[in-house]
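Structural overview for review
What follows is the residue order along each chain.
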Amino acid sequence: MLAPSAWAIAPSEINSARIEAAEQNPGDWLTYHGGYKSYHYSGLDQINASNVKNLEVAWIHMPGRSTRGLQSMPLVADGVLYYSGSYSRVYALDGATGKMIWSHFPVLDEELVAMQTHSPYNRGVALGDGKVFVGTVDGHLIALDMKTGKEVWNTHLVDSKKLTVGFTGAPLVVKDTVIIGSQGGEWTSRGPLFGVDIKTGKKKWEFFTVAGTEEAKATWGSDSWRTGGGGAWMPGTYDPETNTVWWGTANPAPLYDWSGADWKNSGPRPGTNLYTTSVIALDPDTGKLKFYHQELPHDAWDFDSAVGEFVMIDRDGRKLVVHPNKGGFVFVYDRADGKVQNVWRIAKNINFVKDIDPKTGELIGRRDLTLGKASEPLCPAIAGGVSWNSGAYSPKTGLWYKLAQEWCMDVDVIKTTPITEPMAQLNIGANFKLVPPPDGAARGHLDARDPVTGAKKWEVNFDEPPLASVLATAGNLVFVPDSRGVLRAYNAETGQELWSHFNGVGHNGGIISYSAGDKQYIAVPAGWGGMVADEFPALFGEPFTSMPKDAGALVVFTLKQ
Ligand SMILES: O=C(O)c1cc(C(=O)O)c2c(n1)C(=O)C(=O)c1cc(C(=O)O)[nH]c1-2
Ligand SMILES: [Ca+2]
């Protein structure tokens, strides 16, 4: 199915209604998650399981200065591809040829950026109201004219000079509001999310993921909310039926806590620490909290809920949303009220809890660390049982294709005090080293599962965990961009590998499909160097020891003529 002409009347008008209708317009890819349902699925089937072997490179684009790789999710509207690289460089390219239409390089506070650790990568842009929106690591949200790339407005939202953190995640457009979340879990901020007027750039609201309400403030003993961390560093999504924004929040700081089982009363941040490591449901117009579920009360392991995937599934009259937590569990919620409907595990090596009650979401047998070396490795490792990139759901197969990671770490918990002056410093609270898990080598796997029950149909193993997003298509295909730099296509029903192509450097970003003219394309950023990627040389050796962390290219494929 190719439907590029459906929007011929007003080609560049992008609003929430058009995003809601994403499924009827498979030639586009309008939001980070491919549409509000977060499927990372393309309804195009020109490229399919029987002809995927005929894929070839159509064009390549080099953004330059790809420090820490190329981590973004491209977007496409009406055959034009928009994407960002490190330092928030934004490009608009002809989707058929790669020819540049415009580029925009923001002027950043380079001195500040050089002092940041989780920087200067950018994970994507948002489209709406004739503009392209991008966040910057020095705390700005910028709107560019979609046709010319000229700056329309530029709003300074985070005092990054003081707080160190900024924006790495993509924004989300909801009606006349642009929503973006800040980094924060590893520092001393309060991890805000912002709602900004789409026309003027004026800030409409701000929601603090740390102590954003009086109820939440009471869950931080010793005034620890002042330096609580939090963060909302990956984009969530929007449920138009209930006018609700779903967003995941990051961990509290310090990441690790020495108080052991007495965490309610002692240690650096006594209490449950709301709304960190939670999913929060906000009113997009006001930023008011509607409801929430804290996936890990008093997270003591850096297992953020910040993974941005909220997969909307309707089943047996129930409206559900599926959300993975970095600790390796997958939560299923009722979309009306955020009540837990199921919890299942996707990572095999987990010992930070014995289990999570699938009916209530309650943690069973938590493993709270105390000062000094832990007696046995903590599983999963700080890099997570799942990482921040997204899986893909195919409404055709009813399967969710999701990557998981098997690794643990030796951990030595130390006492820290938050440093806020003159500039916030990382507040980790432990030294650590990644090690293989009890059941074998450190590795990754792609699972094809029922997203609600977790029932597994098939699994493919990888010697090193892939750290990029997954794409599913109506052509009965699943694409996995792997860490060595090989893009692989699988049969969506069976997991059989059908095609692969080496892109020259590891993948650490998104992947999409779109149409331009009468052709279907697959676009994948190649470029290695995220935070988790830093762990690869010690664990896996070559090719990661010598893999560049400052090279990137957008590689686009189509079928041979
Ligand atoms: O709490 C935060 O604000 C925050 C930010 C980031 C980031 O901006 O990349 C990561 C994390 N947390 C994190 O927990 C994490 O596992 C992680 C992995 C990566 C990466 O680039 O591979 N970034 C981040
Ligand atoms: Ca974190």
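All values reported here derive from a predicted model rather than from experimental measurement.

Here is what the cut-offs are and how they apply
- Residues numbered from 1 in each chain as written.
- Chains lettered and ligands numbered in written order.
- Predicted model: local features only at pLDDT ≥ 70, side-chain atom pairs only at ≥ 80, totals over all residues.
- Heavy atoms only, no water.
- Helix = DSSP H or I, 4+ residues; strand = E, 2+ residues; numbered from the N terminus.
- Rg over C-alpha atoms; globule rule 2.2 N^0.38 Å.
- Buried < 20%, exposed > 50% of the residue type's maximum accessible area, 1.4 Å probe, protein only.
- Contact = heavy atoms within 4.5 Å.
- Areas by Shrake-Rupley, 256 points an atom, 1.4 Å probe, with all protein chains shown as cover.
- Lys, Arg positive; Asp, Glu negative; His and termini not counted.
- Charge placed at Lys NZ, Arg CZ, Asp CG, Glu CD.
- Pairing = 2+ DSSP bridges.
- Axes fitted to C-alpha atoms, helices over the stretch in contact; angles between N-to-C directions.
- UniProt positions renumbered as here; feature names shortened; annotations may be inferred.
- pLDDT = per-residue confidence, 0-100.
- Core = buried A, V, L, I, M, F, W, Y, C linked by side-chain atoms within 4.5 Å.
- Salt bridge = Lys/Arg side-chain N within 4 Å of Asp/Glu carboxyl O.
- Disulfide = S-S within 2.5 Å.
- Phe/Tyr/Trp six-rings, centres within 6.5 Å; stacked < 30°, edge-to-face > 60°.
- Lys NZ or Arg CZ within 6 Å of the ring centre and 35° of its normal.

Let us look at the overall build of the protein. A tally of regular secondary structure across the protein gives five helices and 38 strands. For the protein, whose C-alpha radius of gyration is 22 Å, the value lies close to the compact-globule estimate of 24 Å for 561 residues. Counting across all 561 residues of the protein, residues that qualify as buried make up 65%. Restricting to contacts in the protein with at least 6 residues of sequence separation, those with at least 24 account for 62%. Summing over all exposed atoms, the protein offers an accessible surface of approximately 18700 Å²; the carbon and sulfur share of this is 52%. For the protein, the distance from the average position of its 51 positive side-chain charges to the average position of its 61 negative side-chain charges is 0 Å.

With that settled, consider the sheet that holds strand β7 (residues 126-128). Spatial ordering of the open sheet is given by β7-β8-β9-β10, a layout of four strands whose pairing is antiparallel. Edge positions in the sheet fall to β7 and β10 (151-156), since each of these pairs with one other strand and no more. Taking the axes of each pair of neighbouring strands and ignoring which way they run, one obtains an average angle of 20° across the sheet. In this structure, strand β9 (residues 140-145) lies alongside β10, joined through five bridges in antiparallel fashion. Along β10, the bridge assignment pairs Leu 144 with Glu 151.

On to the pairing of strand β33 (residues 477-481), then. Summarising burial for β33: five of the five residues are buried, a large majority. Neither face of β33 is open: one carries Leu 477, Phe 479 and Pro 481, the other Val 478 and Val 480, and all of them are buried. Across three bridges, strand β32 (residues 471-473) lies against β33 in antiparallel orientation. Along β33, the bridge assignment pairs Thr 473 with Leu 477. What sits between β32 and β33 in their antiparallel hairpin is a turn of three residues, with Asn 476 showing a positive phi close to 60°.

Attention shifts here to the environment of Lys 99. With respect to the element layout, Lys 99 can be found in the loop between β5 (90-94) and β6 (100-104). Sequence spacing of Lys 99 and Ala 347 is 248 residues, and the spatial spacing of their C-alpha atoms is 42 Å. With residues up to four places along the chain from it excluded, the contact list for Lys 99 reads Ala 92, Leu 93 and Asp 94.

Let us look at the UniProt feature "domain: Pyrrolo-quinoline quinone repeat" (unreviewed entry) in the protein. Taking the numbering used here, the UniProt-annotated feature "domain: Pyrrolo-quinoline quinone repeat" (unreviewed entry) corresponds to residues 29-339 and 447-522. Helix makes up 5% of residues 29-339 and strand makes up 33%, while its end C-alpha atoms are separated by 30 Å. Here residues 447-522 is 0% helix and 51% strand, with 21 Å between the C-alpha atoms at its ends.

On to the confidence of the model for the protein. Per-chain confidence: the protein averages 96 in pLDDT, with 98% of residues scoring 70 or above. A low-confidence stretch, residues 1-10 (pLDDT under 50), is modelled with 19 contacts involving residues beyond four sequence positions or located in other chains.

Glancing now at the side chain of Arg 488. Secondary-structure assignment places Arg 488 in strand β34 (residues 486-491). Judged by its relative accessible area of 19%, Arg 488 is buried. Those residues within four positions of Arg 488 in sequence are excluded, and the remaining contacts are Phe 462, Val 478, Phe 479, Val 480, Asp 482, Glu 497, Trp 499 and Ser 500.

Moving on, we get to the nonpolar core. Among the nonpolar cores identified, the biggest contains 118 residues, and Tyr 82, Phe 479 and Tyr 514 are the most heavily contacted of them. For Tyr 82, the contacting residues outside a window of four places in its chain are Pro 74, Leu 75, Ala 77, Tyr 91, Ala 92, Trp 102, Val 125, Leu 127, Val 132 and Met 146. Grouped together as the second largest cluster of nonpolar side chains are 32 residues, Val 311, Tyr 393, Leu 399 and Ala 448 included.

In a structure, side chains of opposite charge can pair up when their charged atoms sit close to one another. Applying the stated criterion to the full structure yields 31 salt bridges. Close ionic contact of Glu 459 with Lys 348 constitutes a salt bridge, the shortest N to O distance being 2.9 Å. Here Lys 348 lies in the loop between β22 (340-345) and β23 (355-356) and Glu 459 lies in strand β31 (residues 456-462), a separation of 111 residues in the sequence. Each member of the salt-bridge network shares a partner with another, and the members are Arg 18, Asp 28 and Asp 78.

On inspection of all chains with the given rule, the structure shows one disulfide. The disulfide partner of Cys 379 is Cys 408, and the S-S distance across this bridge is 2.2 Å. With the S-S dihedral at roughly 105°, the linkage between Cys 379 and Cys 408 falls on the right-handed side. Remark: Cys 408 occurs in strand β28 (residues 408-413) and Cys 379 occurs in the loop between β25 (372-373) and β26 (392-394); sequence separation between them is 29 residues. The exposure class assigned to Cys 379 is buried, which follows from its relative accessible area of 2%.

The step from Leu 274 to Tyr 275 runs through a cis peptide bond, and the omega angle for that step is -5°. Considering the arrangement of structural elements, one finds Tyr 275 in the loop between β16 (244-248) and β17 (278-282). With omega at -10°, the peptide bond leading from Glu 421 into Pro 422 counts as cis. Its place among the elements puts Pro 422 in the loop between β28 and β29 (430-435). Of note in the backbone geometry, Arg 68 takes a positive phi value of approximately 60° without being a glycine. Structurally, Arg 68 can be placed in the loop between β2 (55-61) and β3 (75-77). Classification of Arg 68 by relative accessible area gives buried; the value is 15%. The phi dihedral of His 298 is positive, around 45°, even though this residue is not glycine.

Another aspect to go through is the packing of aromatic side chains. This structure, assessed with the given rule, holds 27 aromatic pairs. Where Phe 303 meets Phe 352, the ring centres are 4.8 Å apart and the plane angle is 70°; that geometry is what we call edge-to-face. In this pair, Phe 303 is assigned in the loop between β18 (289-294) and β19 (311-315) and Phe 352 in the loop between β22 and β23, connecting sequence segments 49 residues apart. For the pair formed by Phe 303 and Phe 352, the shared burial category is buried. Each member of the aromatic cluster is reached from another via a ring pair, and the members are Trp 246, Phe 291, Phe 310, Phe 331 and Tyr 333. The lysine or arginine in question, Arg 65, covers the ring of Tyr 87, its NZ or CZ lying 3.5 Å from the ring centre. For the cation-ring pair, Lys 217 lies above Trp 225, with the distance from its terminal atom to the ring centre recorded as 4.4 Å.

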